[in-house]
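# Fold and contact review
Chain by chain, the residues:
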Amino acid sequence: MDQHAWDEYWQNLTTRMVSGDAPDVITMQASYYPQFVKNGQLLDIQPMVQAEKVDLSQYWPGLAELWVKDGKRYGLPKDWDTIAIVYNVDLVKKAGVDLSDLTWNPRDGGSFEKALARLTVDTEGRRGDEPGFDKDNVAVRGIVPELNDGSQGQNGWGDLAVSNGFTFIDKNPFGTRYFYDDPRLAETVTWFKSLSDKGYATPYDKNSSLGPDAVLNSGKAALGITGSWMIKTYLDSTEQKFAFAPLPKGPQGRKSAFNGLADVIYSGTEHKDAAWKWVKFLGSAECQNIVADSAVVFPAITSATERALAAHEAAGRDVRLFVDQAKDPEGTFLLPVSDHGDEINQIVGTAMEEVWLGQKDATSALTAANRQVNALFAGE
């Protein structure tokens with residue numbers, strides 16, 4: 001079995017696919033798999049699923065359908081995730097801030113921005129909501145945002161944009177028209193940019209390359225936005241004490257991305273039967289109950305969720321809010337899955353970077369990016 005860091009994983013996998021040296025079974029993310037399907041590199045497992053009567057209703061609603069294109073199925077779900085605020089318990093307590101039921105809007109930031117201002121402290125000990133606050137000399141930022149988040153903004157801007165009424169794509173999965181030119185996205189992105197302008201967030205060009213978790217563990221920021229896959233990373237930290245709070249409620253309510261991984265089979269495998277046997281086991285309740293008991297991620301099979309919660313609670317971790325968000329019928333949205341995902345990620349990621357660096361305003365950058373994105377589907 002091979003394991004790699006996230007970016008390295010996809011680079012390595014693409015190279016091995018091209019060289020014909022890919023593993024028989026691969027852990028795949030929904031937004032990445034269409035490019036491999038297009039290149040004929042993944043095996044259609046629908047015939048095996050049908051022949052062995054795999055119960056697809058056992059998975060969380062929406063997850064199994066993400067892996068179907070043109071009547072062919074390419075994966076069985078293995079886990080799911082939702083998004084929340086992670087915060088430094090001591091810094092939040094010292095600031096006297098309540099994060100349990102925040103609100104947000106793109107005009108003044110709501111109580112979320114008020115909290116971020118309060119949590120920001122300059123080098124002289126003045127908070128962001130106090131007279132004399134020096135935004136150019138900040139010791140502790142209110143938030144360390146994950147801005148380099150491609151075309152989906154799963155860990156921040158995407159969730160708030162959807163809570164503002166934004167929709168990524170006309171149909172999911174495999175729509176053909178994106179809406180990155182929606183003014184509701186532009187105003188959300190503009191608000192995120194304003195946080196660094198006010199000193200509440202680290203400017204994009206000064207963000208640590210080590211990632212938000214390193215900044216939070218250093219005590220130089222009070223909170224961030226993260227996914228349930230990071231539960232143990234934060235709650236088992238020996239450097240700081242962390243806890244989770246729900247995302248703020250936007251104009252359309254509280255919205256979290258809902259996503260998950262699946263196991264797929266390399267089309268060039270010489271061990272098709274063995275690979276299917278392994279994928280079928282990984283997608284089974286038997287296997288996902290084992291995963292639940294280890295409390296690493298929330299398994300894709302709904303019946304295993306309470307087992308995972310019990311395992312977390314036994315270890316002293318309070319993470320029920322991730323499950324509550326997933327169970328809210330209006331509280332989640334699926335990240336977009338379509339053809340050209342790798343190209344869209346590059347186009348939109350570049351446009352976002354232009355905004356974060358102050359080179360373009362959000363409206364012009366995203367409108368131009370949206371034209372490029374939708375041009376990819378022209379004539380298809």
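Cut-offs and rules
- Numbering of residues starts from 1 in each chain and follows the order in which that chain's sequence is written.
- Local features are withheld for residues below a pLDDT of 70 in this predicted model, meaning they are given only at 70 or higher, and side-chain atom pairs are given and counted only at 80 or more; totals for whole chains, interfaces and linings count all residues.
- To get the side-chain values, take all heavy atoms of the structure and skip hydrogens and water.
- Numbered from the N terminus, helices here are DSSP runs of H or I no shorter than four residues, and strands are runs of E no shorter than two.
- For this measure, only C-alpha atoms enter the radius of gyration; the expected value for a globule follows 2.2 Å times N^0.38, where N is the number of residues.
- Each residue is assigned to one of three classes by its accessible area relative to the maximum for its type, calculated with a 1.4 Å probe on protein chains only: buried under 20%, partly exposed between the two thresholds, exposed over 50%.
- Contact criterion: two residues are considered in contact whenever any of their non-hydrogen atoms come within 4.5 Å of each other.
- Each accessible area is a Shrake-Rupley estimate made with a 1.4 Å probe; only the visible protein chains count as cover when residues are assessed.
- Only four residue types enter the charge count: Lys and Arg as positive, Asp and Glu as negative, with His and the chain ends excluded.
- Lys charges are placed at NZ, Arg charges at CZ, Asp charges at CG and Glu charges at CD.
- Here a pair means two rings of Phe, Tyr or Trp (six-membered ring of Trp) with centres within 6.5 Å. Their orientation is stacked below 30 degrees between planes, edge-to-face above 60, and tilted elsewhere.
- If DSSP finds at least two bridges between two strands, the strands pair.
- Orientation is described by axes fitted as lines to C-alpha atoms, over the contacting stretch for helices, and by angles from 0 to 180 degrees between their N-to-C directions.
- Here a helix's expected span is defined as the number of its residues, less one, multiplied by 1.5 Å.
- Definition of a polar contact: a pair of N or O atoms within 3.5 Å, with one able to donate and the other able to accept a hydrogen when the atoms are protein atoms, and with sequence-neighbouring residues admitted only if both atoms are side-chain atoms.
- Only buried residues count toward a nonpolar core, which is a set of Ala, Val, Leu, Ile, Met, Phe, Trp, Tyr and Cys residues joined through side-chain atoms within 4.5 Å.

A few words now on the overall build of the chain. For the chain, the count of helices and strands is 15 helices and 14 strands. Against the 2.2 N^0.38 benchmark of 21 Å for 380 residues, the chain shows a C-alpha radius of gyration of 21 Å, consistent with a compact globule. For the chain, the spread of C-alpha atoms along the principal axes amounts to about 70 × 55 × 35 Å. When each of the 380 residues of the chain is scored for burial, the buried share is 54%. Nonlocal contacts in the chain, meaning residues at least 24 apart in sequence, comprise 69% of its contacts between residues at least 6 apart. Summed over its atoms, the accessible surface of the chain is roughly 17000 Å², and 47% of this surface lies on carbon and sulfur atoms. Once the 37 positive and 53 negative side-chain charges of the chain are each reduced to a mean point, those two points are 3 Å apart.

A few words on the packing of aromatic side chains. Counted according to the given criterion, the structure contains 21 aromatic pairs. Consider the rings of Tyr-33 and Tyr-74, whose centres lie 6.1 Å apart with planes at 45 degrees: the pair is tilted. One end of the pair, Tyr-33, is in helix 2 (residues 33-38); the other, Tyr-74, is in the loop between strand 3 (72-73) and strand 4 (76-77), with 41 residues separating them in the sequence. Given a relative accessible area of 0%, Tyr-33 falls into the buried group. The class of Tyr-74 is buried, set by a relative accessible area of 7%.

Taken across its 5 residues, strand 12 (residues 261-265) has 4 buried, putting it largely inside the fold. Of the pairings in the sheet, the one linking strand 1 (residues 25-29) to strand 12 comprises 5 bridges and is antiparallel in character. Paired with Met-28 across the two strands is Ala-262, which belongs to strand 12. The pairing of strand 4 with strand 12 spans 2 bridges and is antiparallel. When the sheet's bridge partners are listed, Leu-76 is paired in strand 12 with Asp-263.

Now for the sheet that holds strand 7 (residues 121-122). Here 5 strands make up an open sheet; going across it, the order is 7-8-9-6-10 and the pairing mixed. Either end of the sheet is taken by a strand with one partner, and the two such strands are strand 7 and strand 10 (242-245). Two strands pair when backbone bridges link them, and strand 6 (residues 83-88) and strand 9 (residues 221-227) are joined in this way by 5 bridges, in the antiparallel orientation. What sits directly across from Ile-85, in strand 9, is Ile-225.

Taken in spatial order, the 3 strands of this open sheet run 1-12-4, and their pairing is antiparallel. At either end of the open sheet lies a strand with only one pairing partner, and these are strand 1 and strand 4. Together, strand 1, strand 4 and strand 12 form the strand contacts of helix 10 (residues 272-282), whose direction differs from that of strand 12 by roughly 165 degrees.

A separate point is helix 15 (residues 362-375). Compared with an ideal rise of 1.5 Å per residue, which puts 14 residues at 20 Å, helix 15 spans 20 Å between its outermost C-alpha atoms and is within 8% of the ideal. Those residues of helix 15 hidden inside the fold are in contact with helix 7 (183-197) and helix 14 (341-356). Two or three places before Thr-363, at the start of helix 15, stands the capping residue Asp-361, its side-chain oxygen 3.1 Å from that residue's backbone nitrogen.

Another aspect to go through is unusual backbone geometry. Between Asn-172 and the following residue, Pro-173, the backbone shows a cis peptide bond with an omega angle of 5 degrees. Take Pro-173: it is sitting in the loop between helix 6 (157-163) and helix 7. In this structure, Phe-174 takes a positive phi of about 65 degrees despite not being glycine. Summarising the element assignment, Phe-174 is placed in the loop between helix 6 and helix 7. With relative accessibility at 14%, the residue Phe-174 sits in the buried group. Residues other than glycine seldom take positive phi values, yet His-340 does so here, at roughly 65 degrees. The residue His-340 is located in the loop between strand 14 (332-334) and helix 14 in this model. For His-340, a relative accessible area of 11% translates into the label buried.

For soluble globular proteins, the rule of thumb is that nonpolar side chains tend to be buried together. Counting residues in each nonpolar core, the largest one holds 59 residues, and the members touching the most others are Tyr-87, Leu-99, Phe-112, Tyr-180, Leu-223 and Trp-356. It is helix 14 that provides the largest number of residues to this core, a total of 7 residues. Core analysis: the second largest hydrophobic core is formed by 39 residues, Val-215, Ala-275, Phe-298 and Ala-326 among them.

What follows deals with the environment of Glu-146. One can find Glu-146 in the loop between strand 8 (138-143) and helix 6. A sequence separation of 66 residues divides Glu-146 from Pro-212, and the C-alpha atoms of the two residues are 6.7 Å apart. For Glu-146, the residues in contact, after removing those within four places along its chain, are Asn-155 and Pro-212. At a separation of 3.1 Å, a polar atom in the side chain of Glu-146 contacts the side chain of Asn-155.

Inspection of the secondary structure puts Gln-154 in the loop between strand 8 and helix 6. Exposure remark for Gln-154: the relative accessible area of 11% places this residue in the buried category. Filtering out sequence-adjacent residues up to four positions away, Gln-154 remains in contact with Asp-81, Ile-83, Asp-149, Asp-159, Trp-229, Ala-257, Asn-259 and Leu-335.

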